[in-house]
Amino acid sequence: MQSSSTQLVLVLVGLIGLWLAVEAARRLFLGPLAHIPGPRLAALTSWYEFYYDVIKPGQYVWKIKDLHAKYGGSPSLPSML
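Residues numbered from 1 in each chain as written. Predicted model: local features only at pLDDT ≥ 70, side-chain atom pairs only at ≥ 80, totals over all residues. Heavy atoms only, no water.

Enquirer: Explain the overall build of the protein chain to me, please; I cannot follow it from the model alone.
Expert: The helix and strand inventory of the protein chain stands at four helices and zero strands. Across the protein chain, helices and strands are ordered from the amino to the carboxyl terminus as α-α-α-α. Summarising the internal contacts of the protein chain: among those between residues at least 6 apart in sequence, 46% fall at separations of at least 24. With an accessible surface of roughly 6000 Å², the protein chain has 70% of that area assigned to carbon and sulfur atoms. (Helix = DSSP H or I, 4+ residues; strand = E, 2+ residues; numbered from the N terminus. Contact = heavy atoms within 4.5 Å. Areas by Shrake-Rupley, 256 points an atom, 1.4 Å probe, with all protein chains shown as cover.)

Enquirer: I would appreciate a short explanation of the packing of aromatic side chains in the present structure.
Expert: Given two aromatic rings, one states the distance between the centres and the angle between the planes to describe the pair. All chains considered together, the criterion is met by three aromatic pairs. Note on Trp47 and Phe50: the rings are 5.0 Å apart at their centroids and 80° apart in plane angle, and the pair reads as edge-to-face. Placement of the pair is Trp47 and Phe50 together in helix α3 (residues 47-55), with a separation of three residues, close to one helical turn. An aromatic cluster is defined as three or more aromatic residues linked by ring pairs; in this entry it consists of Tyr48, Tyr51 and Tyr52. (Phe/Tyr/Trp six-rings, centres within 6.5 Å; stacked < 30°, edge-to-face > 60°.)

Enquirer: Is there a simple way to think about the nonpolar core in this case?
Expert: In globular proteins that are soluble, nonpolar side chains generally tend to be buried together. In this structure, Ala42, Tyr48, Tyr52, Tyr60 and Leu67 together form the largest nonpolar core, which totals five residues. Residue assignment for this core shows that the elements contributing at least two residues are α3 and α4 (60-71). Leaving out residues up to four positions away in the same chain, Tyr48 has contacts with Pro39, Leu41, Ala42, Tyr60, Lys63 and Leu67. (Core = buried A, V, L, I, M, F, W, Y, C linked by side-chain atoms within 4.5 Å. Buried < 20%, exposed > 50% of the residue type's maximum accessible area, 1.4 Å probe, protein only.)

Enquirer: What's the story with the confidence of the model for the protein chain in this structure? I'm lost.
Expert: Low pLDDT marks regions whose predicted coordinates should not be analysed in detail. Of all residues in the protein chain, 88% have pLDDT values of 70 or greater, and the mean over the chain is 86. Confidence scores differ between elements of the protein chain, with α4 showing the lowest mean pLDDT of 87 and helix α1 (residues 4-30) the highest of 94. (pLDDT = per-residue confidence, 0-100.)

This is how it looks when you write it as structure tokens:
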């Protein structure tokens, strides 16, 4: 039998997982920018911008140019909504 502290941790992990799934669905399907085309990862998180600005320094500007060429005038970029 599991201790109550182990059960509490499992419940918290489950609630965090559920919150992440609901937030992802909201951003992808219900958010105000959901209809704008673009990479789904960029719509979900700011890590997309971080990758091109920090891991590949200074490449985010050029990636935006590529996204505009691929998706049109308004690709879905990380938002703070």
